[in-house]
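# Chains, contacts and geometry: an overview
One-letter residues, chain by chain:
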Amino acid sequence: SQQGEEDPQALSIQEGENATMNCSYKTSINNLQWYRQNSGRGLVHLILIRSNEREKHSGRLRVTLDTSKKSSSLLITASRAADTASYFCATFGAGSYQLTFGKGTKLSVIP
Amino acid sequence: EPEVTQTPSHQVTQMGQEVILRCVPISNHLYFYWYRQILGQKVEFLVSFYNNEISEKSEIFDDQFSVERPDGSNFTLKIRSTKLEDSAMYFCASSENSPYEQYFGPGTRLTVT
């Protein structure tokens, strides 16, 4: 399967600190995406990184991709209480429209 | 900013009943999807829809499930005879010109009793 698996499963930090979440996947990908889900709510698309990219930034988010290790990381800098949510990586395989999600990292940012 | 909307936000139904979950994708989007998330589990792909037909479906999407785009704006998921294990959050998503950036709705929580 092409599942992304995030670690840690849960992360608790103080406001202002940086949060790093990791994702590993099993097969070749075209791109990797990160989503956020606030408790009981829908999924919000955060960032997409293509397989030929190594790093991408969006505001306080920084995503890296290492295709040789089949892993990605999401860094949230200067975290805020509003960043409290679950974060998921998701991947497609070649020729598939099926977005496959990992179990997610539950981030708690303590004010 | 345009967004995907879903109705109802919560649906309670009895086992064996038919339910229809409704979605209004973003207006210029061409690809449509349904996913579900059983409580505490991963988000799982159900089906993708493009050019008025199913383009891909998972093994979860059996004969009890069907999708339809009855007009130019709505996209529905029908479950013919609900089972207890169909209880989940169902997410609709859409994407514009390719499947690679999917925008999700807020979800419909389906509770089967």
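In this numbering scheme, every chain counts its residues from 1 along its sequence in written order. Chain letters and ligand numbers both follow the written order, the letters beginning at A and the numbers at 1. Side-chain atom pairs in this predicted model are given and counted only at pLDDT of 80 or more, local residue features only at pLDDT of at least 70, and totals for whole chains, interfaces and linings cover all residues. Processing note: side-chain calculations cover all non-hydrogen atoms of the structure and skip hydrogens and water entirely.

Another point: the confidence of the model for chain A. Residues of chain A with pLDDT of at least 70 account for 95%, and the chain-wide mean is 90. For chain A, the element scoring lowest by mean pLDDT is strand E1 (residues 5-7) of chain A, at 79; strand E7 (residues 61-66) of chain A scores highest, at 97. The pLDDT value expresses, per residue, how confident the predictor is, ranging between 0 and 100. Strands here are runs of E lasting at least two residues and helices are runs of H or I lasting at least four, both read from the DSSP assignment and numbered beginning at the N terminus.

This paragraph deals with the interface of chain B and chain A. By definition, residues are in contact when any of their heavy atoms lie within 4.5 Å. The interface is formed by 19 residues belonging to chain B together with 23 residues belonging to chain A. Of the roughly 1,800 Å² buried at the junction of chain B and chain A (both faces included), carbon and sulfur atoms supply 58%. Summed over both partners, the accessible area lost on bringing two parts together, with a 1.4 Å probe, is the buried area. It is Lys42, Tyr100 and Phe104 of chain B that lose the most area in chain B upon contact with chain A, and together they represent 36% of the buried surface on that side. Polar contact is defined as a pair of N or O atoms within 3.5 Å, subject to the rule that within protein one atom must be able to donate a hydrogen and the other to accept it, and that residues adjacent in sequence are counted only when both atoms are side-chain atoms. Between the two partners, chain B and chain A, sit four residue pairs in polar contact (both at pLDDT 80 or more).

This part takes up the pairing of strand E4 (residues 31-37) of chain B. All names here are of chain B. Partly exposed residues are those whose accessible area sits between 20% and 50% of the maximum for their type, while under 20% is buried and over 50% is exposed, using a 1.4 Å probe and protein chains only. With seven of seven residues buried, E4 lies mostly within the body of the structure. The two faces of E4 match: Tyr31, Tyr33, Tyr35 and Gln37 on one face and Phe32, Trp34 and Arg36 on the other face are all buried. If DSSP finds at least two bridges between two strands, the strands pair. When E4 meets strand E5 (residues 43-50), the two strands line up antiparallel, connected through seven bridges. Bridge assignment links glutamine 37 to a residue of E5, and that residue is valine 43. Turn length for the E4-E5 hairpin, with the two strands adjacent in sequence and antiparallel, is five residues, and the turn residue glycine 40 shows positive phi of about 80°. For E4 and strand E9 (residues 88-95), the ladder comprises seven bridges, and the chain directions are antiparallel. Along E9, the bridge assignment pairs tyrosine 33 with alanine 93.

So, on to the pattern of salt bridges. One side-chain nitrogen of Lys or Arg within 4 Å of one carboxyl oxygen of Asp or Glu is enough to make a salt bridge. Taken as a whole and assessed by the stated rule, the structure comprises three salt bridges over all chains. The partner of glutamate 55 of chain A in a salt bridge is arginine 62 of chain A, and the shortest N-O contact between them spans 3.2 Å. Residue classification places arginine 62 of chain A among the partly exposed residues on the basis of a relative accessible area of 30%. A salt bridge links arginine 36 of chain B to glutamate 44 of chain B; its shortest N-O distance comes to 3.2 Å.

With that out of the way, let us pick up the nonpolar core. Note on terminology: a nonpolar core comprises buried Ala, Val, Leu, Ile, Met, Phe, Trp, Tyr and Cys residues joined through side-chain atoms within 4.5 Å. The biggest cluster of nonpolar side chains holds 23 residues, and the ones touching the most others in it are Trp34, Leu46, Phe61, Val67, Phe75, Leu77 and Tyr90 of chain B. Ignoring sequence-local partners within four residues, the contact set of phenylalanine 75 of chain B consists of Leu21, Arg22, Cys23, Pro25, Phe32, Tyr33, Trp34, Phe49, Val67, Glu68, Arg69 and Cys92 of chain B. Ile47, Ile49, Val63 and Ile76 of chain A belong to the second-largest nonpolar core, a separate cluster that totals 21 residues.

Moving on, we get to the state of the cysteines. In a disulfide, the sulfur atoms of two cysteines are covalently bonded to one another. In this description, the term disulfide denotes a pair of cysteine sulfurs within 2.5 Å. This model, assessed by the stated rule, comprises two disulfides over all chains. Note on cysteine connectivity: cysteine 23 of chain A is disulfide-linked to cysteine 89 of chain A, with sulfurs 2.0 Å apart. As the torsion about the S-S bond is roughly 70°, the cysteine 23 of chain A-cysteine 89 of chain A disulfide counts as right-handed. Taken together, the positions of cysteine 23 of chain A in strand E3 (residues 19-24) and cysteine 89 of chain A in strand E9 (residues 85-91) put the pair 66 residues apart, joining distant regions of the chain. No difference in accessibility class separates cysteine 23 of chain A from cysteine 89 of chain A, as the two residues are buried. Note on cysteine connectivity: cysteine 23 of chain B is disulfide-linked to cysteine 92 of chain B, with sulfurs 1.9 Å apart. Taking the sign of the S-S torsion, about -65° here, the bridge from cysteine 23 of chain B to cysteine 92 of chain B comes out left-handed. Within this pair, whereas cysteine 23 of chain B is found in strand E3 (residues 19-24), its partner cysteine 92 of chain B is found in strand E9, the two being separated by 69 residues in sequence. Judged by its relative accessible area of 0%, cysteine 23 of chain B falls in the buried class. Assessed through its relative accessible area of 0%, cysteine 92 of chain B is described here as buried.

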